Amino acid sequence: MYYFPEQPPYFLLIIGFFIALTSGLALSGTLKVIVQQWSEDNASNKSPSSLKQLFVPFLGITGGVCLFLSSGLEIFGFPSLLALGIGLPVSLLTCLLVWLQLGSLLTFAKREGMQALDLDS
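Heads up: these notes are all about the structure in this document. (Residues numbered from 1 in each chain as written. Predicted model: local features only at pLDDT ≥ 70, side-chain atom pairs only at ≥ 80, totals over all residues. Heavy atoms only, no water.)

### Considerations on the nonpolar core
- Of all hydrophobic cores here, the largest spans 11 residues; its members are Leu 27, Ile 34, Trp 38, Leu 54, Phe 58, Ile 61, Cys 95, Trp 99, Leu 102, Leu 106 and Ala 109.
- Looking at this core, the element that brings in the most residues is helix H3 (residues 80-112), giving five residues. (Core = buried A, V, L, I, M, F, W, Y, C linked by side-chain atoms within 4.5 Å. Buried < 20%, exposed > 50% of the residue type's maximum accessible area, 1.4 Å probe, protein only. Helix = DSSP H or I, 4+ residues; strand = E, 2+ residues; numbered from the N terminus.)

Below, the structure written as structure tokens:
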């Protein structure tokens, strides 16, 4: 027997996408401000305080991605509990790995300079 939801969560899918998109724009703006502060004042700004500034927008991205993924799985026929059981660990693990990579990249950029990140040369 197939599972067909009576009310697919299209609204939650759109809300999750909107949350992730706006939080991503906030993260981008915060990163630009941090890099601009690094170029202006090289010695005073440290990388751990930069990560603290990025935590709230990144948490918004994580929540939006989790909501988007769980709603998308539910639209495609997964029961609600199973969709949340798959979407939550996948999105949390992915966002944790991206957070760790972002932290190491910011530390590397602070230590070596932004020119070390140039992949074209």
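### Brief notes about H3
- With 33 residues, H3 extends 47 Å from end C-alpha to end C-alpha; this agrees with the ideal 48 Å at 1.5 Å per step.
- Residues of H3 that are buried include every one of Ala 83, Gly 87, Ser 91, Cys 95, Trp 99, Leu 102, Gly 103, Leu 106 and Ala 109, and no others.
- Of the residues one or two after H3, Gly 113 is the one with positive phi, at around 100 degrees. (Expected span 1.5 Å × (residues − 1).)

### Focus: the packing of aromatic side chains
- Counted according to the given criterion, the structure contains three aromatic pairs.
- Seen in terms of ring centroids, Phe 17 and Phe 68 are 6.0 Å apart; in terms of plane orientation they differ by 45 degrees. Their pairing is tilted. Taken together, the residues Phe 17 in helix H1 (residues 10-40) and Phe 68 in helix H2 (residues 47-75) connect sequence positions 51 residues apart.
- Summarising the aromatic geometry, the rings of Phe 55 and Trp 99 are spaced 5.8 Å apart at their centres and angled 75 degrees between planes, so their arrangement reads as edge-to-face. Note that Phe 55 is positioned in helix H2 and Trp 99 in helix H3, a separation of 44 residues in sequence.
- A residue is classified by how much of its surface remains accessible, and Phe 55, at 43% relative accessible area, is partly exposed. (Phe/Tyr/Trp six-rings, centres within 6.5 Å; stacked < 30°, edge-to-face > 60°.)

### Examining the environment of Trp 38
- Residue placement: Trp 38 occurs in helix H1.
- Taking the C-alpha atoms as reference points, Trp 38 and Met 114, separated by 76 residues in sequence, lie 9.8 Å from one another.

### Description of H1
- With 31 residues, H1 ought to run about 45 Å at 1.5 Å a step, and its terminal C-alpha atoms sit 45 Å apart, in line with that.
- Listed in full, the buried residues belonging to H1 are Gly 16, Ala 20, Ser 23, Leu 27, Ile 34 and Trp 38.

### Digging into the state of the cysteines
- Summed over all chains, the structure comprises zero disulfides.
- Just so you know, Cys 66 is unpaired, no disulfide at all, and the nearest cysteine sulfur is the one on Cys 95, 8.7 Å from it.
- According to the relative accessible area criterion, Cys 66 is buried, its value standing at 11%.
- The exposure class of Cys 95 is buried, given its relative accessible area of 9%. (Disulfide = S-S within 2.5 Å.)

### Some thoughts on the side chain of Glu 74
- Take Glu 74: it is sitting in helix H2.
- In this structure, Glu 74 is buried with no salt-bridge partner, the nearest side chain bearing the opposite charge being Lys 32 at 34 Å.
- A distance of 2.7 Å separates polar atoms of two side chains, one belonging to Glu 74 and the other to Ser 80. (Lys, Arg positive; Asp, Glu negative; His and termini not counted. Salt bridge = Lys/Arg side-chain N within 4 Å of Asp/Glu carboxyl O. Polar contact = N/O pair within 3.5 Å; in protein donor to acceptor, adjacent residues only side chain to side chain.)

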